[in-house]
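# A closer look at the structure
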Amino acid sequence: MTDTTAADLRTEQAELAHLCADLSPADWRLPSDFYGWSAWDEVAHLCYFDQTGLQAATDPAGFARDAAALQRRLEAGEEISAIAREAYGHLDGPALLAHWRPLSARLAETLAALDPKARLPWYGPPMSARSFATARLMETWAHGQDVWDVLGRVRPATGRLRHIAHLGVGTYGWTFVNRGLPVPEPVPHVALDAPDGSTWTWGDPASAQSVRGPALDFCLVVTQRRHADDTLLRITDGPARQWMAIAQCFAGEPADGPAPGQRRTAVRA
């Protein structure tokens, strides 16, 4: 991969692993605000899908077979958290981390070696290797945020947020389509304050609709880790506000983010 996406994924993985390395046995079990998942659940979830992601990149036929089996289990009512617990329940927190670290590194290294435009199968339409790495980075960051939150620690914002923000903007239409709703026009202009003091922008600056504010806050909203009302985002009434109320930059069935005040205001370094 000629761009930095896979390298940024690896850095994101390493940052979360470093955070988790200092967790006590009690810390591993603390329930987060994300469906009550513990830090153990968060890492197990990442581990499960990094494993299947590696399979998608190296054994597409095996991935298709196992993905169909997973879909049958989900349709039968099993929760993905329970499936991950079944896979890794024999490991305590440190052992789970020791398993995930080389696995996640292997996934990032495998993606880095691919053509960015190479197509990989996944649980929906196939994705390019670049988009695949971006999606894994977003998942790592979002589930990592749950761990930072449960520990009550301040998480530094980094330039890697640009990947997540880009994904968030790119899923504007899909957010509505996924819920069976018409896509409202006009598409909002998005202008975000980057951690380095620059501004990241998407869309037409002349649009009557806009979302402006810290990149961190935008990423927290599109990953459903904060309600927009609990951030410093400035959102115009209309399509932009409708979007921020239901924004979802990850695949799967429609999901609802936290209610106002349910999760803490975005923390800043």
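For the structure itself, look to the data block above.
It should be emphasised that the depicted structure is a prediction, and the values quoted were computed from it without experimental measurement.

We now examine the sheet that holds strand E6 (residues 234–235). Consider a sheet: its strands pair through backbone hydrogen bonds, and that pairing is either parallel or antiparallel. Taken in spatial order, the 4 strands of this open sheet run E4-E3-E5-E6, and their pairing is mixed. Each of the sheet's edge strands pairs with one partner strand only, and the pair in question is strand E4 (199–202) and E6. Looking at chain direction, strand E5 (residues 210–214) and E6 are connected through 2 bridges and run antiparallel. Paired with Arg212 across the two strands is Arg234, which belongs to E6. Against the sheet, helix H10 (residues 215–222) touches strand E3 (189–193), E4 and E5, its axis set at about 115° to E5. Packing against the sheet, helix H11 (residues 239–246) makes contact with E3, E5 and E6, and its axis sits at approximately 55° to E5.

Moving on, we come to empty space enclosed by the protein. Taken as a whole and judged by the stated rule, the model has 1 cavity of 30 Å³ or more. Reported here for the largest cavity is a volume of approximately 40 Å³. Residue lining of the largest cavity: Glu12, Glu15, Trp141, Arg155, Pro156, Ala157, Thr158, Arg160, Leu161 and Leu216, and that is the complete set. Here the lining of the largest cavity is composed, by residue class, of 5 nonpolar, 1 polar and 4 charged.

Calculation notes
Residues numbered from 1 in each chain as written. Predicted model: local features only at pLDDT ≥ 70, side-chain atom pairs only at ≥ 80, totals over all residues. Heavy atoms only, no water. Pairing = 2+ DSSP bridges. Helix = DSSP H or I, 4+ residues; strand = E, 2+ residues; numbered from the N terminus. Contact = heavy atoms within 4.5 Å. Axes fitted to C-alpha atoms, helices over the stretch in contact; angles between N-to-C directions. 1 Å grid on protein atoms, 1.4 Å probe; cavity = no way out; pocket = protein on both sides within 12 Å on 5 of 7 lines; lining within 4 Å. Points joined across faces, edges and corners; volume = space filled by probe spheres on them. Nonpolar A, V, L, I, M, F, W, Y, C, P; charged D, E, K, R; others polar.

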